[in-house]
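# Structural description and commentary
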Amino acid sequence: MNSNLIHQEITFSDNNHACALYGDLNKNLQILEKSSGVTINTRGTNLRITGAPHDVELITALLNQLYELIGKGYPVYSSDFAFGLRILESTPKARLDRIFLDKVYVTTQNRVVSPKTKNQKTYIDAIRNNDIVFGIGPAGTGKTYLAVAMAVSALTSGQVRSIILARPAVEAGEKLGFLPGDLAQKVNPYLRPLHDALNDLLGPDKSIDLIEQDVIEIAPLAFMRGRTLSNAFIILDEAQNTTREQMKMFLTRIGFDSRAVITGDTTQVDLPVKTHSGLVQARKILSDIEGIKFCSFTKEDVVRHPLVQKIINAYEKM
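Predicted model, so just to flag it, every value in this text is computed and none were measured. (Residues numbered from 1 in each chain as written. Predicted model: local features only at pLDDT ≥ 70, side-chain atom pairs only at ≥ 80, totals over all residues. Heavy atoms only, no water.)

### Thoughts on the packing of helix α2 (residues 27-36) against helix α4 (residues 78-90)
Here α2 crosses α4 at 35°, and the two axes come no closer than 9 Å. Handedness of the crossing formed by α2 with α4: right-handed. From α2, K27, N28, I31, L32 and S35 reach across to α4, where they touch S78, F81 and L85. Considered class by class, the residues forming the contact of α2 with α4 number 4 nonpolar, 3 polar and 1 charged. (Axes fitted to C-alpha atoms, helices over the stretch in contact; angles between N-to-C directions. Helix = DSSP H or I, 4+ residues; strand = E, 2+ residues; numbered from the N terminus. Left-handed = near helix turned anticlockwise from the far one by under 90°. Contact = heavy atoms within 4.5 Å. Nonpolar A, V, L, I, M, F, W, Y, C, P; charged D, E, K, R; others polar.)

Here's what the structure looks like:
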């Protein structure tokens, strides 16, 4: 037996909370064993964690904090174990309740939408405290989804009267050729990710109703020209594919009692060669203006399938 291994025992006081922590058939504990290398043995509300000292200390802290969150009414999800572990690995003294308990919205499926990383928490706070926020980082970091969740929250609480979601209609490295149908049908494929986010948050029926009532508008960026957007929550997605002129046009559409969130990934620009990204320029010339906040995400903030982070790592090594 490895003499470097240590043991740590935890005893939880509430059996129901302990069961919620363990997951069905101890699924959550199995996730931790696989991701950290420790061994976890259970006996009722008692846990025995065996492994290298650093790993045991980390897993003990994670389990204690997640157990406290359950006691505070937070519905811990299996994915929270990976997110929490990542946070504590980078910041051992971090308090998960300050991040996970920041409830942004509760979906129609009663799923709580909340930040899952420190950068996501910073992003949410920035949206609350600034009229214009830029969220810049790789795919899967929750930039667009959290922005849409904040927009839906602002709408349902009466802070704004409408939501406007826009995207530049730029092909992602492919020539799609002629698209049949009317104008709305032609641009719909570009706007599908925004529809998906709304459907997940509001449910398809409610989402369709609000779109038909013009309370929510989803449109190509070009449709914003000449308008003044007041009392609205405005989101510009895939902003790395705006030109300098388009970015300026969009930012000057914002009217009174409105706020805007601009999201993008500067590593995935699909503009023609020699065409400069409006998002890249905006970060250079607007970062010192009060009321405008730039938030950066990294691969550590990826909250999609665990393989997405590995894929990003692999491409960065090329």
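So much for the structure itself; the text now carries on.
### Let's talk about the pattern of salt bridges
It is possible for side chains bearing opposite charge to pair when their charged atoms get close. Taken as a whole and judged by the stated rule, the model has 14 salt bridges. With a shortest N-O distance of 3.3 Å, R95 and D97 are connected by a salt bridge. Between D102 and R128 there is a salt bridge whose closest N-O contact spans 2.6 Å. Taken together, the positions of D102 in the loop between α5 (97-100) and β4 (105-106) and R128 in helix α6 (residues 118-129) put the pair 26 residues apart, joining distant regions of the chain. (Salt bridge = Lys/Arg side-chain N within 4 Å of Asp/Glu carboxyl O.)

### Focus on the nonpolar core
Among the nonpolar cores identified, the biggest contains 35 residues, and Y123, V152, L198, I216, F233 and I235 are the most heavily contacted of them. Sorting the residues of this core by element identifies α6, α7 (143-156), β7 (162-167), α8 (183-202), β8 (216-220) and β9 (232-236) as the ones contributing at least two each. Of the residues forming this core, the biggest block, 9 residues, is contributed by α7. Ignoring anything within four residues of it in the chain, the contact list for F233 reads I127, A147, M150, A151, A154, V160, S162, I163, I164, R259 and V261. (Core = buried A, V, L, I, M, F, W, Y, C linked by side-chain atoms within 4.5 Å. Buried < 20%, exposed > 50% of the residue type's maximum accessible area, 1.4 Å probe, protein only.)

### Examining the confidence of the model for the protein chain
On average, residues of the protein chain score 89 in pLDDT, and 92% of them are at 70 or above. Counting interchain partners and residues more than four positions distant, the pLDDT-below-50 stretch residues 171-176 has 7 contacts. (pLDDT = per-residue confidence, 0-100.)

### Re the sheet that holds strand β10 (residues 259-264)
Across the sheet, which stays open at both edges, the 6 strands sit in the order β8-β7-β9-β10-β6-β11 with parallel pairing between neighbours. Only two strands of the sheet have a single partner each, and these edge strands are β8 and β11 (292-296). For this sheet the average axis-to-axis angle between neighbouring strands, irrespective of direction, equals 15°. Bridge analysis of β7 against β9 gives 5 bridges, and the strand direction is parallel. The residue of β9 that forms the bridge with S162 is A232. Contacting β6 (132-136), β9 and β10, helix α10 (residues 244-251) runs over the sheet at an angle of about 155° to β10. Each of β6, β10 and β11 touches helix α11 (residues 278-286); the most contacted strand, β6, lies at about 125° to it. (Pairing = 2+ DSSP bridges.)

### Quick look at the sheet that holds strand β3 (residues 46-51)
Pairing is antiparallel across the open sheet formed by 3 strands, whose spatial order is β1-β3-β2. Because the sheet does not close on itself, it has two edges, and the strands there are β1 (6-11) and β2 (39-43). Here the average twist between neighbouring strands, direction ignored, is 20°. As paired strands, β2 and β3 are joined by 5 bridges and run antiparallel to one another. Within β3, the position partnered with N41 by the bridge is R48. The sheet strands contacting α2 are β2 and β3, and the helix crosses β2 at an angle near 160°.

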